[in-house]
Each structure stands twice: as C-alpha cells, then as structure tokens.
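# Architecture at a glance
The residues making up each chain are set out below.
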Amino acid sequence: MMFTKCDSMLPRTLISLFLLPVLSAEPCAKTPGSNCKCETPSGIKIDLSPLDQSGTPRFTTVDPSNGDTYYYNPCSAFTIPGSACADVAACQDHKGADYSIGLQNTANFTGDTTDPTKIHLVYHTEPDPKGVIRETNIALECSDSTTPEFKFVKEDPPGKGKFFFTLTWNQLCYKPSSSGLSAGSILCIIFLVLVIVYFVGGILFLHFVRGATGAELIPNHSFWKDLPYLIRVSTCMSIYFIS
C-alpha cells in the first residue's frame, strides 16, 4: 500500500525538488550606502543611479482610470513644495491632494514569486495618523530601449494604498558581473573535480591493483548498485509519513 501510493507521487515529488531551485528568484542584497543598487549571489548587479535626478522626481506617470498622477525618483529623495510629499521616493497626486507612497530609506529589493526573472524595488511609508502604511512596488524589467519608461500598473487592492508600477530599461537586462566566479560556482567545480578523481582513481586502482574487470571496476560497486532502491525506499518512507 505504502509503495503503491509512493510510486504515484514519486515522479511529481522529484520534479518539484529539481525545479524548486530553478523557479526561485535570487535575493538581491542592497549595496551599503545606496538606495538604488543591489547585487545577487551570482553576481548580477542592478544600478539605478544613472536615472537619479537630485531633488526632483525623474519619472511621472498617470493612472488612466482616474487621472491620479504619480511621481518617482530612484535614488535620492525629492520634495514637492507645499505638499505632503517631503523627502520621499514616490508621491501620489489624488484629486489635488498629495500623498507620500514611499520613502527612500525603506528601499528593498525583492524577488518575484511568480516570475523568477524579475526583481522588484519596494518602498513604504511610516504609518499615517489613521495607521495606514502606503507602499510602492516597482517591477524592474528588461527592455531594448535606452530610454527608461516608468508606468502605473494598478492599485491592489483598490483604495488600500498598495501601488504597483513597472520600470523598463535596457540596463535592467540582468547580466552576471565579470568580477569572477561566485562561491556557488566554485563549490560546484570542486565537487565535480572530486567526483571525477573518485571514479577515475578508483577504476585505475581496482584494475591495476586488484585486477577487477567489468562492473567491478566501479568503486563501491555494491553501493551504487543498491542506490536507486535505497533512494526509492527513503523517499517513499518520507512521503508516506508526511501524507
């Protein structure tokens, strides 16, 4: 009974285990001292500093459904005189009233749970007198254009102060830096070298020292022969007790 249930679930379980690392977006650690730069463990670097416009918002976009205007500047804070938007990263003009929707010192780079190729830049405000915290979420997307484009996407859920935008630019087509191999790559290379040494060295030793031939040339032949069965048993046991 246990193995019948396991055999039906095993392919899906193994596929999930292999795909999980592939479908997980890399974290992008914010560069110390900057609100608009980050780097992933694999060396992908994002730098929005060329888009910065000191003291004033670089980008303006409009929500076509209600005419609200949104202002954004990637790196340094800006102020709109005579409004509630003072030292902000993003601002909303709603029917003539201005609201801060993100502060520069809250900038945080995050992965996308639905698209591992995207990285988001997220800001938020301090709670207002009613306890409302507004948030700006900007999806950084690759484009062929050398001219960056900032667009309003939606407020979701409506009226809750959670705003979504896209920033597309050809400098957001993420490429690993050329500074060298990452720690993960080095570990993979070391592991591969050790595996090759293990098998090649073992085969040579067994052949010339012990006179082994055929399948007996494989180091620890009995272990490798039983490995598929051992994996199946251990996986089935895990699935059985979890389910």
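Given the structure is predicted, the values throughout are model-derived calculations rather than measurements. (Residues numbered from 1 in each chain as written. Predicted model: local features only at pLDDT ≥ 70, side-chain atom pairs only at ≥ 80, totals over all residues. Heavy atoms only, no water.)

What follows deals with the sheet that holds strand 8 (residues 108-111). Ordered in space as 8-9-10-12-11, the 5 strands form an open sheet in which the pairing is mixed. This sheet does not close on itself; its edge strands, each paired only once, are strand 8 and strand 11 (149-155). Ignoring strand direction, the axes of neighbouring strands in this sheet form an average angle of 30°. The pairing of strand 9 (residues 119-124) with strand 10 (residues 135-142) spans 6 bridges and is classified as antiparallel. Of the residues in strand 10, the one forming a bridge with Y123 is T136. (Pairing = 2+ DSSP bridges. Helix = DSSP H or I, 4+ residues; strand = E, 2+ residues; numbered from the N terminus. Axes fitted to C-alpha atoms, helices over the stretch in contact; angles between N-to-C directions.)

Turning to the packing of aromatic side chains, a few remarks are in order. Enumeration over the complete set of coordinates arrives at 13 aromatic pairs. Between Y72 and Y123, the ring centres sit 5.8 Å apart and the planes meet at 65°, which makes this aromatic pair edge-to-face. Of this pair, Y72 sits in strand 5 (residues 69-72) while Y123 sits in strand 9, placing them 51 residues apart in sequence. The class of Y123 is buried, set by a relative accessible area of 0%. (Phe/Tyr/Trp six-rings, centres within 6.5 Å; stacked < 30°, edge-to-face > 60°. Buried < 20%, exposed > 50% of the residue type's maximum accessible area, 1.4 Å probe, protein only.)

What follows deals with the environment of T146. Along the chain, the position of T146 falls in the loop between strand 10 and strand 11. In this structure the C-alpha to C-alpha distance between T146 and T168, which are 22 residues apart in sequence, comes to 9.4 Å. Aside from chain neighbours lying at most four places away, what touches T146 is W169 and N170. (Contact = heavy atoms within 4.5 Å.)

Bringing the confidence of the model for the protein chain into the picture now. Of all residues in the protein chain, 83% attain a pLDDT of 70 or more, and the chain-wide mean is 83. Long-range and interchain partners of residues 10-24, a stretch whose pLDDT sits below 50, account for 6 contacts in this model, where long-range means more than four residues apart. (pLDDT = per-residue confidence, 0-100.)

Strand order in the open sheet made by the 4 strands is 4-5-6-7, with antiparallel pairing throughout. The two strands at the open ends of the sheet, each matched to only one other strand, are strand 4 (59-62) and strand 7 (97-102). Between one strand axis and the next, the sheet turns through 20° on average, direction left out of account. Note that strand 5 and strand 6 (residues 90-94) share 4 bridges and pair antiparallel. Among the inter-strand pairings, Y70 is bridged to a residue of strand 6, identified as Q92.

Glancing now at the state of the cysteines. For the coordinates displayed, the defined rule picks out 4 disulfides. Across the disulfide, C28 is cross-linked to C38 (sulfur-sulfur distance 2.0 Å). Measuring the twist about the S-S bond at about 85°, one finds the C28-C38 disulfide to be right-handed. Within this pair, whereas C28 is found in the loop between helix 1 (2-19) and strand 1 (29-30), its partner C38 is found in strand 2 (residues 37-39), the two being separated by 10 residues in sequence. In this pair, the class of C28 matches that of C38, namely buried. Here C142 is linked by a disulfide to C173, with a sulfur-sulfur distance of 1.8 Å. Residues C142 and C173 share a disulfide whose torsion about the S-S bond is about 75°; that sign makes it right-handed. Of this pair, C142 sits in strand 10 while C173 sits in the loop between strand 12 (162-169) and helix 2 (183-208), and the two are 31 residues apart along the sequence. Residue C142 is classed as partly exposed on the basis of its relative accessible area, which comes to 46%. Take C173: its relative accessible area is 23%, and that puts it in the partly exposed class. (Disulfide = S-S within 2.5 Å.)

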